[in-house]
Amino acid sequence: MASFDLVFEGGGAKGAAFAGALEVLAAAGHTHRRLLGTSAGAITATLLGAGYSAAELLQATSETLPGTTDPVFTTFMDAPKEGDFDAAEIANSQTMDLMQKAHVPGFMAGQMLDLALRLDLFREIFSFNECGGFYTGNAFLAWFKSKLQAKGLGPDLTWAQFAAQTGSDVSVVTSDVTEREMLVLNERTAPQIPVALSVRMSMSIPFVWREMIWDAAWGTYRGRDKTGHIFVDGGVLSNFPLELVVESNPEIIEIMGNTDPNGAGTLGLLLDESIAVPGAGNSQTPRPRLRTADRVTRLIDTMTGSSDAEIMRKYPNLICHLPVKGYGTTEFRMSQDRMNLLIDGGRKAMTAYLTQQGLG
């Protein structure tokens with residue numbers, strides 16, 4: 001048996017493969033020390049740190065909406081509802097500004113925009129232009145907070161409270177686009193920011209989910225004020241932050257803690273786009289309704305898949321490659337059968353990795 005610092009790559013819906021891999025890792029008797037992840041990896045890392053077992057994470061992948069057979073994950077692509085935009089947001093929007101520049105009378109512009117915002121598709125486009133993403137992310141946030149509460153944790157607890165109550169060392173990665181900086185959020189760097197909002201920040205794929213704005217109430221990041229800064233998915237700058245646990249310098253120690261380098265091994269769980277999921281064939285879930293969202297997610301997949309290539313080449317033996325080829329980052333509406341194939345692919349990959357490393 002061994003203990004590992006676990007690093008989870010980002011990948012949206014493809015992150016279901018983690019559940020299968022972790023099931024095999026736990027069955028072999030291995031445990032974890034530090035947990036680090038981006039986007040879907042941030043979700044997995046934080047839930048593990050909150051006390052969820054591999055079996056419970058596996059169970060979460062088959063959760064359905066009350067009274068239906070629809071996976072709960074289908075709600076994560078939550079388009080804005082009527083009334084989601086307040087009067088100030090509408091009045092100060094670029095859309096309203098353009099109408100005024102076109103000399104549309106004020107009362108008429110307001111009425112036209114009010115009518116347009118009754119249309120689902122227009123609300124998504126308005127949200128994309130004004131808030132940085134088609135979807136609100138509110139459904140995910142509610143789901144994640146419920147998961148914290150199920151473990152006896154407050155839905156709005158901070159990293160300082162999370163560390164004190166769980167004893168876990170968890171870090172999540174996000175991107176500050178205002179200062180073009182990767183941020184690693186944990187009890188050392190940003191103790192006052194709520195955990196759930198940190199994870200929501202980490203999974204905010206640009207143009208898909210709304211950007212997050214740092215609130216003054218969240219305190220500072222490593223002593224620096226970030227109030228008003230805009231944040232998106234950590235994968236924009238590092239989708240697979242393996243270097244934060246395998247390398248060491250004063251800055252990394254300040255961010256990740258001064259842990260015993262011999263106290264745990266390192267294991268990175270990579271969602272590998274080049275490896276086909278056994279049995280999945282070429283079938284795919286229908287793409288998002290907005291074609292632009294589909295194009296953006298393909299672009300993000302390409303960008304985030306290449307940004308950490310150097311570190312992966314440097315430490316190949318520390319990485320378990322989970323097959324996800326053909327699965328989409330925002331494919332939250334996949335059938336349970338298709339998801340089961342993804343999860344089983346994770347199981348097989350971890351089994352092969354442990355056997356190869358003599359850890360099975």
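Above this note sits the structure.
Residues numbered from 1 in each chain as written. Predicted model: local features only at pLDDT ≥ 70, side-chain atom pairs only at ≥ 80, totals over all residues. Heavy atoms only, no water.

**Things to note about the nonpolar core**
Nonpolar side chains in soluble globular proteins tend to be buried together.
Link 1 in the chain: Ranked by internal contacts, the top residues of the largest apolar core, which has 92 residues, are Leu6, Leu185, Trp214, Leu269 and Met350.
Link 2 in the chain: Other than its neighbours up to four places away in sequence, Leu185 contacts Trp159, Val170, Ser171, Val172, Thr174, Ala190, Ile193, Ser198, Met201, Trp214 and Tyr221.
Link 3 in the chain: Ranked by size, the runner-up nonpolar core spans eight residues in total, among them Phe85, Met96, Met99 and Cys131. (Core = buried A, V, L, I, M, F, W, Y, C linked by side-chain atoms within 4.5 Å. Buried < 20%, exposed > 50% of the residue type's maximum accessible area, 1.4 Å probe, protein only. Contact = heavy atoms within 4.5 Å.)

**A look at unusual backbone geometry**
Peptide bonds are, in most cases, trans, and in most cases residues other than glycine have a negative phi.
Link 1 in the chain: Although it is not a glycine, Ser39 adopts a positive phi angle of roughly 55°.
Link 2 in the chain: As for its placement among the helices and strands, Ser39 is situated in the loop between β2 (31–38) and α2 (40–49).
Link 3 in the chain: A positive phi angle, near 55°, is found at Arg180, a position not held by glycine.
Link 4 in the chain: Along the chain, Arg180 turns up in the loop between β4 (169–176) and β5 (181–185).
Link 5 in the chain: Classification of Arg180 by relative accessible area gives exposed; the value is 78%. (Helix = DSSP H or I, 4+ residues; strand = E, 2+ residues; numbered from the N terminus.)

**Considering empty space enclosed by the protein**
Gaps left between atoms are located by rolling a probe of water-molecule size over the structure's atoms.
Link 1 in the chain: In total, this model carries two cavities of 30 Å³ or more according to the counting rule given.
Link 2 in the chain: A volume near 380 Å³ is recorded for the largest cavity.
Link 3 in the chain: Lining of the largest cavity is provided by 24 residues; of these, Gly12, Gly15, Ala16, Ile43 and Phe73 occupy positions nearest its centre.
Link 4 in the chain: Of all elements in the fold, only α1 (17–27), α2, α3 (54–60) and α8 (138–150) reach the threshold of two or more residues within the lining of the largest cavity. (1 Å grid on protein atoms, 1.4 Å probe; cavity = no way out; pocket = protein on both sides within 12 Å on 5 of 7 lines; lining within 4 Å. Points joined across faces, edges and corners; volume = space filled by probe spheres on them.)

**A few points about the side chain of His30**
Link 1 in the chain: Structurally, His30 is set in the loop between α1 and β2.
Link 2 in the chain: At 3.0 Å, the side chain of His30 and the backbone nitrogen of Ala2 are in polar contact.
Link 3 in the chain: A polar side-chain atom of His30 sits 2.8 Å from the main-chain carbonyl oxygen of Leu359.
Link 4 in the chain: Ignoring anything within four residues of it in the chain, the contact list for His30 reads Met1, Ala2, Phe4, Leu25, Leu354 and Leu359. (Polar contact = N/O pair within 3.5 Å; in protein donor to acceptor, adjacent residues only side chain to side chain.)

**Focus: the side chain of Arg123**
Link 1 in the chain: With respect to the helices and strands, the residue Arg123 is situated in helix α7 (residues 120–131).
Link 2 in the chain: From its side chain, Arg123 meets the backbone oxygen of Arg118 in a polar contact 3.2 Å long.

**Observations concerning a nonpolar patch on the surface**
Link 1 in the chain: Together, Phe107, Met108 and Met112 make up an exposed nonpolar region whose accessible area comes to about 310 Å².
Link 2 in the chain: Its place among the elements puts Phe107 in helix α6 (residues 106–116).
Link 3 in the chain: The exposure class assigned to Phe107 is exposed, which follows from its relative accessible area of 58%. (Patch = residues over 30% accessible without salt bridge, like charges linked within 9 Å, V, L, I, M, F, W, Y side chains within 5 Å. Areas by Shrake-Rupley, 256 points an atom, 1.4 Å probe, with all protein chains shown as cover. Salt bridge = Lys/Arg side-chain N within 4 Å of Asp/Glu carboxyl O.)

**Let's talk about the packing of aromatic side chains**
Link 1 in the chain: Inspection of the entire model under this criterion finds 18 aromatic pairs.
Link 2 in the chain: Between Phe76 and Phe140, the ring centres sit 5.4 Å apart and the planes meet at 90°, which makes this aromatic pair edge-to-face. Of this pair, Phe76 sits in the loop between α3 and α4 (87–91) while Phe140 is found in helix α8, placing the two residues 64 residues apart along the sequence. Each of the two residues, Phe76 as well as Phe140, counts as buried.
Link 3 in the chain: Considering the side-chain rings of Phe128 and Phe207, the 5.7 Å spacing of their centres and the 50° angle between planes classify their relative orientation as tilted. With Phe128 in helix α7 and Phe207 in strand β6 (residues 207–209), this pair connects stretches of sequence that are 79 residues apart.
Link 4 in the chain: Of the residues examined, Phe207 reaches a relative accessible area of 41% and is grouped as partly exposed.
Link 5 in the chain: An aromatic cluster is defined as three or more aromatic residues linked by ring pairs; in this entry it consists of Phe73, Phe76, Phe140, Trp143, Phe144, Trp209 and Phe332. (Phe/Tyr/Trp six-rings, centres within 6.5 Å; stacked < 30°, edge-to-face > 60°.)

**Brief notes about helix α5 (residues 94–101)**
Link 1 in the chain: Turning to α5, its buried residues are Thr95, Met96 and Met99. Viewed end-on, α5 has its buried residues packed into an arc of 95°, placing them on one side of the element. Seen from the open side of α5, the exposed residues pointing more than 90 degrees away from its buried face are Leu98 and Lys101.
Link 2 in the chain: Buried residues belonging to α5 abut α4, α6 and α7.
Link 3 in the chain: His103 occupies a position one or two residues after α5 and carries a positive phi of about 65°. (Arc of directions from axis to C-beta.)

**Focus: the environment of Thr38**
Link 1 in the chain: With respect to the helices, strands and loops of the structure, Thr38 is situated in strand β2.
Link 2 in the chain: Thr38 has contacts with Phe8, Glu9, Gly10, Val173, Ser202, Asp233, Gly234, Gly235, Ser238, Asn239 and Pro241, leaving out every residue within four places of it along the chain.

**With respect to the pairing of β5**
Link 1 in the chain: Taking burial as the measure, the five residues of β5 include four buried ones, the bulk of the element.
Link 2 in the chain: Connecting the antiparallel pair β4 and β5 is a turn made up of four residues, with Arg180 showing a positive phi of about 55°. (Pairing = 2+ DSSP bridges.)

**Considering the environment of Ala164**
Link 1 in the chain: Relative to the helices and strands, Ala164 resides in helix α9 (residues 159–166).
Link 2 in the chain: By relative accessible area, Ala164 is classed as exposed at 67%.
Link 3 in the chain: For the pair Ala164 and Glu187, spaced 23 residues apart in the sequence, the C-alpha separation amounts to 9.2 Å.

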